[in-house]
Amino acid sequence: MQQEYDAAAVEQAAQQYWRENDSFRIAPGAGEDPRRHFYCLSMFPYPSGKLHMGHVRNYTIGDVIARVRRMQGDRVLQPMGWDAFGLPAENAAMDRGVAPGEWTRANIDAMRAQLQRLGFGYDWSREFATCDPGYYRWQQWFFLKLWEAGLVERRSAVVNWDPIDQTVLANEQVIDGRGWRSGAEVEQREIPQWFIRITDYADQLVDDLEKLEGSWPEAVRTMQANWIGRSYGVEIDFALVGRDERLSVYTTRPDTIGGVTYMAVAPQHPLAREAAERDPDVATFVNELQRSGVSEANLETAEKRGMPLGIDAVHPITGETVPIWVANFVLMAYGAGAVMAVPAHDERDHAFATAYGLPIRPVIGPDTSGPADVSEGAYSDKGIVHNSGEFDGMNFEQAFNAVAEKLQAAGIGRVRKNFRLRDWGVSRQRYWGCPIPVIYCEGCGAVPVPESELPVKLPENLRPDGSGNPLAKHSDFVDCSCPKCGAAARRETDTFDTFIDSSWYFARFASAHSDTAMVDEDARRWMPVDQYVGGVEHAVLHLLYARFFTKAMRDQGLLDCDEPFARLLTQGMVVAPTFFREQADGRRQWFNPGEVQLDAGDRSQAVALADGASVQVGAIEKMSKSKNNGVDPQAMIDAHGADAVRLFMMFAAPPEQSLEWSDAGLEGASRFLRRLWRLVHEHLAAGPVAADADPAAEEAASALRRQLHEALRKIDDDVNRRQIFNTAVAACMELLNAAGRADGSRPAVHAVVRELIEALLRVLAPITPHISHALWRELGHEQPVIDAPWPTADAQALVSDDVTLVVQVNGKLRGRVTVPADADEEAIIAAATAEESVARFLGEQPLRKKIVVPGRLVNLVV
Ligand code: ANZ
Ligand code: ZN
C-alpha cells in the first residue's frame, strides 16, 4: 500500500488494468446483454498534432457522462476517431515538405497517446480516420446512392472563389466578404460543381427541430432554423412596359405593395444581361458588380450600388410605371433573383433609394392614424396599411391574404414558401480529401465509378506545392477508361468538402467493424447518439449536415432514426487572462500567463519573469495562439496527473459556461486528491473497529450519514437532470472535510466513514477515474469501480430526528428552536416560548394567536 499519492503511477496502473481487461470495448452485435444502450459521443478532433485545452474539456465532459451512465447500469458506447482530411495537412506539406498523409498519421499517433494518457474510456477497437480508404469507400458509395436517388446534381454555379487558397468556399466560409482561412477578398466565379440537394430536406430540417426541444440548447435550435430560413411570401409577376414577358419577384411583405417605387434585379438576372448586351455602360457596370459581387454575409452592410436598365415595370395594382434597376444587394440565387423595392419599409431598399434619389412612399404605420415617418430610415415593423386603396386599414395578415388572393385571381401571383438554405456544393479543388467517385468520358459524360471499383483511392504520397491541385497533374490518378464504353477517360480530381466526412462518422462508429456495408444493424441499434458533446462553433453547419445525412441515410434504409443526436451539450470555451507590452511600432507583444508574475496586492499589475519589467494585463479571452494565452495540457498532466486536470475541468465551471484556466485551481484539485488518498489510507490503517454500544457515537454517526445522503441526493439531481458537475465536486469536497473531522475511532462513526468513502469514490469515479480505481481496490472490492453502481440517496437516512423551526413574534424573525421531528403543536409552542431570544419579545403579554407551519415556522402574535 502506497502512503504517498503518486499520480503517474496510479494512473498508469489503472490504464493498464482497463487495457488488459478491454474495459471499454463493446463487441459488435447486441449479444445477450440486457442493458439499455447508451451512445455517448464527443465531436472527433482534427488531428492537428496535439490536444489543446478545449479538447481536454470537451472530452472530459463526454467521458464523465459516459462513465456515469455505465455506473447507472447502461451498456455504454464511447468511440473516438479522427476528422483527418482538410487543408492544414496540405499547408504543413508545403511548409515542411512532408506528405499530408504522413503528417496526419503522425499527428494521430501523438494525439491518441495524449487521449490515452487522460484515461478516457474509449472503445479504441472502433477507431478510424476519415482518410482511411475503409471509411471513405462508403462515403463514395453513399454519394453514388444519393446520385441514383436524384439527390446529386452537377451544374455550373457562381461560387465564392478564394484567390489565395485557390478554392471554392461555402457561403459560411465567407466572413465579411473574405475567406475564412486566408482572409482574402472573395471573388465570384462560375465553374461546374457537384451539388447535394439538401434543400429537398429543408422542411424536415426545420420541422424536426421541434423534436429536439428541451434536449438541444435553445440557441442552437434557433441558429439551425435561421440558417435554413424558411419564409412564406408571394411570388408576383410584374408586367413590363412594351414587352410580353414579365418580371417575377419574391416578397415576404405583399402588404407593402402600395409602397413599391422601383424594382431591382441581380447582376446575373436575364434582364440585366439583356440590358448589358444593348448598352455598353450597363455591361461595364454589371461586370464590375459581378466581379466584386457581395456575398450573403455582407449584404446588409456593403455599399449599395446600382444602375437603371432603361426598362420599366407596371405596378399590378396602381397601374403606375416603376423603373427597373440592377443592384448589388439582390442575390440571383434567392427567391426570383429580383425584388419589388419598398424603400419606406425595407432598410436595404431605403439605403438604395436614398443613394440614388428614388421616391420613398410610406404605406405602413403602427396604428390607424397614418403611415410611419420614414425620413430617417425604413419602418420595417408589421402594422396597419395606408395609402393603398382597398387594402387600407388592414393588418399584416389581412393584407397578405387580400393582396395574394387578388394577384392569384389575376393569374399574376402565387403564395410561395422560400428557404435561405441552398443546395450543398460539395466539390473542392483540393488534394487532401475524399475523391469524388466520378469519371468523365467524351462520349458518355459524367459516369459513376462502378461499386466494384470503390474505393477510388487517394494517392497519399503527393506533395502539394501551392499551385493548384496536385491530383490534376498526377496522370496515374487522372487517366482511366470509361466504365460504360471503355474509351479513354479522365477521373474527377475534385475532392469532397470535408464536412461530408463528419456528417456520418457517428453512424460508422456503431458499425465500424463492417466491411460489407456502410452501416449495419449495429448502427440501427445504437443510433441516435444519446449524448453528443462539442463546441458551439459547430452549431450551424456540422450539425445541419449531420442531420441531413441521417435523414438521407434513413431514406436509403440504412438508419431508422430521424435525428442523429438525441441530446446535445455545447461546452463553453476555455479562457485565460492575456498579458501584453506595447512595442515601439505600436504592435503588441503577447506574454503567456506562465511567463508573467502577478502582483498579489494588485491584480492589474504584472511583471514579465524574463526581465522583471511590467506588462499590461489584457482581457480574459479564449485561449489562442494569437494572444499567446494558451496553456499546454501535456505540461499540466505531467505536473499534476490526468485526474487533477480532469477534476479541475469539471470543478471550475458548469459545462456550458466558459471556464477560466487557473494554475491555482489545478493545484487545488491536486491537493484534494492527495487528501482523499490520505483519508482512505488512514481509514484503512485504523482497521475494523470493534463494535460497542455508544449513544453519543450513534448520534454523530447518524448526523454524518444524513449529511452524506443529502449530498448524494443533490449530486444525483445535478449530475443527471442538470448535467452540472461542479456542484457535485463541491459536495464531494465537503464530504471529504466531514469525514476528516469525524472521529473514526468510534465504531458507529467508523462504519459511516466507510460508507461515505465508498460513495465518494463512486461519485468521483467518472471524473477522477484513476485514483478512484486504485482506492476502490484497496477497499477490497473485486469489481472495478467503473462497474460499481452509482450511489443514490437512502431515503431512510434523510429522515431527520430533529427539525429546526424559525420563530416569529408578530411576523418578525426572533429566533430558532429545535424540536423532535414528531413533536406536536403544544410541545412546539412550549419550546418556542421558552427560547430566550423569543421570550424577550413576548414579555408578559398574553398570546393572541399561535400559528405553526410544520417543519418550517412558528408565528406568535401578541
Ligand atoms: C418587398 C418588401 C417590403 C420586402 C418590405 C421586405 C420588406 P426573407 O425574409 O429573408 O425571405 N428579397 C427577395 N428576393 C431577394 C433577393 N434575391 N435578393 C435580395 N433580397 C431579396 O426576405 C424576403 C425579402 O427579401 C423579400 O421581401 C424581398 O424584399 C427581399 F417592407 O419584398 B421584400
Ligand atoms: Zn464512355
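Everything discussed here concerns the structure shown above.
Throughout, residues of each chain are indexed from 1 in the direction in which the sequence is written. The lettering of chains begins at A and the numbering of ligands begins at 1, in the order of writing. The predicted origin of the model limits local features to residues at a pLDDT of at least 70 and limits the giving and counting of side-chain atom pairs to 80 or more, whereas totals for whole chains, interfaces and linings rest on all residues. The basis for the side-chain values is all heavy atoms of the structure; hydrogens and waters are excluded.

## Points about the environment of alanine 738
Thinking step 1. The residue alanine 738 is located in helix 21 (residues 726-741) in this model.
Thinking step 2. Residues alanine 738 and phenylalanine 725, 13 residues apart in the sequence, show an inter-C-alpha distance of 20 Å.
Thinking step 3. Ignoring sequence-local partners within four residues, the contact set of alanine 738 consists of Leu704 and Gln707. Each helix is a run of DSSP H or I of at least 4 residues and each strand a run of E of at least 2, with the numbering of both proceeding from the N terminus. The contact rule is simple, with two residues in contact once any of their heavy atoms fall within 4.5 Å.

## Topic: the state of the cysteines
What is meant by a disulfide is a covalent connection between two cysteines, made through their sulfur atoms.
Thinking step 1. Any two cysteine sulfur atoms lying within 2.5 Å of each other are counted as a disulfide. For the coordinates displayed, the defined rule picks out 0 disulfides.
Thinking step 2. This cysteine, cysteine 434, is not joined by any disulfide, and cysteine 131 carries the nearest cysteine sulfur, 11 Å off.
Thinking step 3. Between buried and exposed lies partly exposed: a residue is buried under 20% and exposed over 50% of the maximum accessible area for its type, with that area taken using a 1.4 Å probe on protein chains only. On the basis of relative accessibility, which here comes to 0%, the residue cysteine 434 falls in the buried class.

## What about the sheet that holds strand 34 (residues 849-853)?
Thinking step 1. Strand order in the open sheet formed by 4 strands is 33-32-35-34, with mixed pairing between adjacent strands. Looking along the sheet, the strands with just one partner apiece sit at the ends: strand 33 (812-820) and strand 34. Averaged over all neighbouring strand pairs, the angle between strand axes comes to 20 degrees, with direction disregarded.
Thinking step 2. Looking at chain direction, strand 32 (residues 802-809) and strand 33 are connected through 8 bridges and run antiparallel. From the neighbouring strand, glutamine 808 faces strand 33, where its bridge partner is leucine 813.
Thinking step 3. Note on definitions: angles span 0 to 180 degrees between N-to-C directions of axes, and those axes are lines fitted to C-alpha atoms, for helices only across the stretch in contact. The sheet contacts of helix 25 (residues 825-834) involve strand 32, strand 33, strand 34 and strand 35 (857-861), and relative to strand 35 the element is tilted by about 70 degrees. Here the rule is simple: two strands pair whenever DSSP picks up at least two bridges between them.

## Points about the site of ligand 1
Thinking step 1. Here a residue counts as near a molecule or strand whenever at least one of its heavy atoms sits within 4 Å of it. Around ligand 1 sit 18 residues in total, of which Thr251, Leu331, Tyr334, His345 and Arg420 are the nearest.
Thinking step 2. Two N or O atoms count as a polar contact when they lie within 3.5 Å, although within protein this holds only if one can serve as hydrogen donor and the other as acceptor, and sequence-adjacent residues are included solely when both atoms are side-chain atoms. Between serine 231 and ligand 1, the recorded distance is 2.9 Å, taken from a side-chain N or O atom to an oxygen atom.
Thinking step 3. Here an oxygen atom of ligand 1 sits 2.7 Å away from a polar atom, N or O, in the side chain of arginine 420.
Thinking step 4. For the shell around ligand 1, the elements supplying multiple residues, two or more each, are strand 9 (246-251) and strand 13 (338-341).
Thinking step 5. Residue composition of the shell around ligand 1, grouped by class: 8 nonpolar, 6 polar and 4 charged. Amino acids are sorted into nonpolar (Ala, Val, Leu, Ile, Met, Phe, Trp, Tyr, Cys and Pro), charged (Asp, Glu, Lys and Arg) and polar (every other residue, Gly among them).

## Concerning a positive patch on the surface
Thinking step 1. Exposure above 30% relative accessible area and no salt bridge define the residues that can form patches, which grow by joining like charges within 9 Å and nonpolar side chains of Val, Leu, Ile, Met, Phe, Trp and Tyr within 5 Å. In this description, accessible areas are obtained by the Shrake-Rupley approach with a 1.4 Å probe, and a residue is regarded as covered only by the protein chains that are shown. When a carboxyl oxygen of Asp or Glu is within 4 Å of a side-chain nitrogen of Lys or Arg, the pair counts as a salt bridge. Only four residue types enter the tally: Lys and Arg on the positive side, Asp and Glu on the negative side, with His and both chain ends excluded. Charged side chains are reduced to one point each, which is NZ for Lys, CZ for Arg, CG for Asp and CD for Glu. The grouping of Arg671, Arg674, Arg675 and Arg678 at the surface amounts to a positive patch.
Thinking step 2. Judged by relative accessible area, which is 44%, arginine 678 ranks as partly exposed.

## Section: the pattern of salt bridges
Thinking step 1. Taken as a whole and assessed by the stated rule, the structure comprises 51 salt bridges.
Thinking step 2. A salt bridge links arginine 197 to glutamate 153; the shortest N-O distance between them is 2.4 Å. One end of the pair, arginine 197, is in the loop between strand 7 (187-196) and helix 6 (202-207); the other, glutamate 153, is in strand 3 (residues 152-162), with 44 residues separating them in the sequence.
Thinking step 3. Among the residues examined, arginine 197 registers a relative accessible area of 24% and is labelled partly exposed.
Thinking step 4. Judged by relative accessible area, which is 24%, glutamate 153 ranks as partly exposed.

## Regarding the environment of asparagine 328
Thinking step 1. Along the chain, asparagine 328 falls in the loop between strand 12 (321-327) and strand 13.
Thinking step 2. Judged by its relative accessible area of 11%, asparagine 328 falls in the buried class.
Thinking step 3. It is 56 Å that separates the C-alpha atoms of asparagine 328 and glycine 612, two residues lying 284 residues apart in sequence.
Thinking step 4. Engagement of the side chain of asparagine 328 in a polar contact is seen with the backbone nitrogen of arginine 305, the distance being 2.9 Å.

## Thoughts on the nonpolar core
Thinking step 1. The criterion is simple. A nonpolar core is a set of buried Ala, Val, Leu, Ile, Met, Phe, Trp, Tyr and Cys residues joined through side-chain atoms within 4.5 Å. Of all hydrophobic cores here, the largest spans 180 residues; its most connected members are Trp424, Tyr505, Phe506, Met553 and Trp661.
Thinking step 2. Per-element accounting of this core gives the leading share, 10 residues, to helix 22 (residues 747-764).
Thinking step 3. Discounting residues that sit within four places of it in the chain, phenylalanine 506 has contacts with Tyr39, Leu41, Met527, Val529, Ala546, Thr550, Pro564 and Phe565.
Thinking step 4. Core analysis: the second largest hydrophobic core is formed by 43 residues, Phe238, Phe285, Tyr379 and Phe400 among them.

## Some remarks on the side chain of aspartate 501
Thinking step 1. Within the secondary structure layout, aspartate 501 lies in helix 13 (residues 498-501).
Thinking step 2. As a buried residue without a salt bridge, aspartate 501 has its nearest oppositely charged side chain in arginine 428, at a separation of 10 Å.
Thinking step 3. Those residues within four positions of aspartate 501 in sequence are excluded, and the remaining contacts are Phe44, Asp83, Phe85, Thr130, Tyr135, Gln139 and Cys434.

## Points about the sheet that holds strand 20 (residues 445-448)
Thinking step 1. Here we have 4 strands laid out as an open sheet, ordered 20-19-22-21, and antiparallel in their pairing. Lying at the two open borders of the sheet, with one neighbouring strand each, are strand 20 and strand 21 (479-481). Across the sheet, the mean angle separating the axes of adjacent strands is 45 degrees when strand polarity is ignored.
Thinking step 2. Two elements, strand 19 (residues 438-441) and strand 22 (residues 488-491), share 3 bridges in a ladder whose sense is antiparallel. Bridged to isoleucine 439 within strand 22 is arginine 491.
Thinking step 3. Running over the sheet, helix 5 (residues 133-148) touches strand 19 and strand 20 and is turned about 120 degrees from strand 20.

## A closer look at the packing of helix 22 against helix 23 (residues 769-778)
Thinking step 1. At a closest axis distance of 8 Å, the pairing of helix 22 and helix 23 adopts a crossing angle of 150 degrees. Compared by their axis directions, helix 22 and helix 23 come out roughly antiparallel. Judged by the sense of rotation from one axis to the other, the crossing of helix 22 with helix 23 is left-handed. Contacts between helix 22 and helix 23 involve Glu758, Leu761, Arg762 and Leu764 from the first element and Pro769, Ser772, Leu775 and Trp776 from the second. Working definition: roughly parallel below 35 degrees, roughly antiparallel above 145 degrees, roughly perpendicular at 65 to 115 degrees, and oblique for all remaining angles. What makes a crossing left-handed is the near helix being turned counterclockwise from the far one by less than a right angle; a clockwise turn instead makes it right-handed.

## Quick notes on helix 16 (residues 541-555)
Thinking step 1. Expected helix span is taken as 1.5 Å per residue step, with the number of steps being one fewer than the number of residues. For helix 16, which comprises 15 residues, the first-to-last C-alpha distance of 21 Å matches the rise-based estimate of 21 Å (1.5 Å per residue) to within 8%.
Thinking step 2. By the criterion of burial, helix 16 is predominantly enclosed, with 14 of the 15 residues buried.

## Side note on unusual backbone geometry
Thinking step 1. Along the chain, leucine 454 connects to proline 455 via a cis peptide bond; the corresponding omega equals 0 degrees.
Thinking step 2. Mapped onto the secondary structure, proline 455 falls in the loop between strand 20 and helix 12 (475-478).
Thinking step 3. At the junction of methionine 527 and proline 528, the peptide bond is cis and its omega measures out at 0 degrees in the coordinates.
Thinking step 4. As for its position among the elements, proline 528 is in the loop between helix 15 (521-526) and strand 24 (531-535).
Thinking step 5. Positive phi, normally seen in glycine, also occurs at aspartate 176, with a value near 50 degrees.
Thinking step 6. Mapped onto the fold, aspartate 176 is located in the loop between strand 5 (174-175) and strand 6 (178-179).
Thinking step 7. Positive phi values are uncommon outside glycine, yet glutamine 723 reaches one of about 55 degrees.
Thinking step 8. Structurally, glutamine 723 is set in the loop between helix 20 (695-721) and helix 21.
Thinking step 9. With relative accessibility at 12%, the residue glutamine 723 sits in the buried group.

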